[in-house]
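Residues per chain are reported as follows:
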Amino acid sequence: TAVQSLQADQRRAVTGRADPATWERATGIPWPGLFERCLQLTARFEGHGYKLIAGNFDGAGLTWGIIGFTLQHGEIQAIVNEVATRAPELFRAFGDGADELLIAFRTRSKAQLMEWADGISTGKSKQSIVEPWRSGFAALGAEPLVQEIQRRRARDKYFTPALATAGRLQLDGDLGTALCFDIHVQNGGVKRGDEDAYDREMRKPKRAKTPLARRQLLATLVADGARKAYRDDVFARKNAIATGQGVAHGQLFTMIDWGLAAD
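Residues numbered from 1 in each chain as written. Predicted model: local features only at pLDDT ≥ 70, side-chain atom pairs only at ≥ 80, totals over all residues. Heavy atoms only, no water.

**Student:** So, unusual backbone geometry: which residues are in play, and what are the values?
**Tutor:** Here the amide bond leading from Glu131 into Pro132 is cis, since omega sits at 5°, within 30 degrees of zero. As for its position among the elements, Pro132 is in the loop between strand E5 (128-129) and helix H7 (133-141). A positive phi is found at Arg11, a non-glycine position, where the angle reads about 55°. In this fold, Arg11 is placed in the loop between helix H1 (2-9) and helix H2 (20-27). Positive phi values are uncommon outside glycine, yet Lys126 reaches one of about 60°. (Helix = DSSP H or I, 4+ residues; strand = E, 2+ residues; numbered from the N terminus.)

Laid out in structure tokens, this is it:
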């Protein structure tokens, strides 16, 4: 409604969508780059923001931050250790547990950290973690430096590889890049078998090869290869991006509203 009102005042087409011109007039800052737009979407799917931390509900140890960084993949360790090097005073958020946390992340193996994470996870599904760890990670995630580190890791570890994947699969463009980024974040990238199946399908003479058809095929292959418990969620996310609109986590997502245009 606010965007519609602004567009009407500016005598622009009243779409309710923040296109680049509307965005820049409203905010005074440049239209976000493709990485920022992809990050916003996938961060909304993940639902953690910078601060929320989840326990060992899915076998990943802990899951924290803007795209759900995990202990399992070593990303939380990398962030914690970088913060410890650059701004160790930020760990005061953990109170008396600060020294324990820093020593653990510097000296324990991944297997030992995973065991520790399971021990501090709480609830029937281990969705949360006990104090002071829950509040400590929330306070750490609120720090601008930590948010900058999270964004940089999201770009370097997930978005840059996603661009390479999009290039190999001829999925250039906003939606193709967003789809590959979401796959790298949620699924660890496109499995070799899925990429081979994609290539075989695309070589079929009568196979539709439009950008939409390519995205839909990849979305289906990735979802079919996901763990059964998460297959529906994976497909809902991927298909919403692939087609430009869909329901995921009970919310309607329209990609153009997130600044991601169809080809």
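**Student:** Please provide a residue-by-residue account of the layout of surface pockets, values included.
**Tutor:** To find leftover empty space, one rolls a probe the size of a water molecule over the atoms. In this structure, the largest pocket occupies an estimated 970 Å³ of space. Counting only elements with at least two residues in the lining of the largest pocket, the list comes to helix H3 (34-46), strand E1 (53-54), strand E3 (69-70), helix H9 (174-187) and helix H12 (231-243). If one sorts the elements of the lining of the largest pocket by residue count, H9 sits on top with four residues. Within the lining of the largest pocket, the residues separate by chemical class into 14 nonpolar, 15 polar and seven charged. Size it by volume and the second largest pocket reaches roughly 230 Å³. Around the second largest pocket, the lining comprises 13 residues; the ones closest to its centre are Trp23, Trp31, Asp257, Trp258 and Gly259. (1 Å grid on protein atoms, 1.4 Å probe; cavity = no way out; pocket = protein on both sides within 12 Å on 5 of 7 lines; lining within 4 Å. Points joined across faces, edges and corners; volume = space filled by probe spheres on them. Nonpolar A, V, L, I, M, F, W, Y, C, P; charged D, E, K, R; others polar.)

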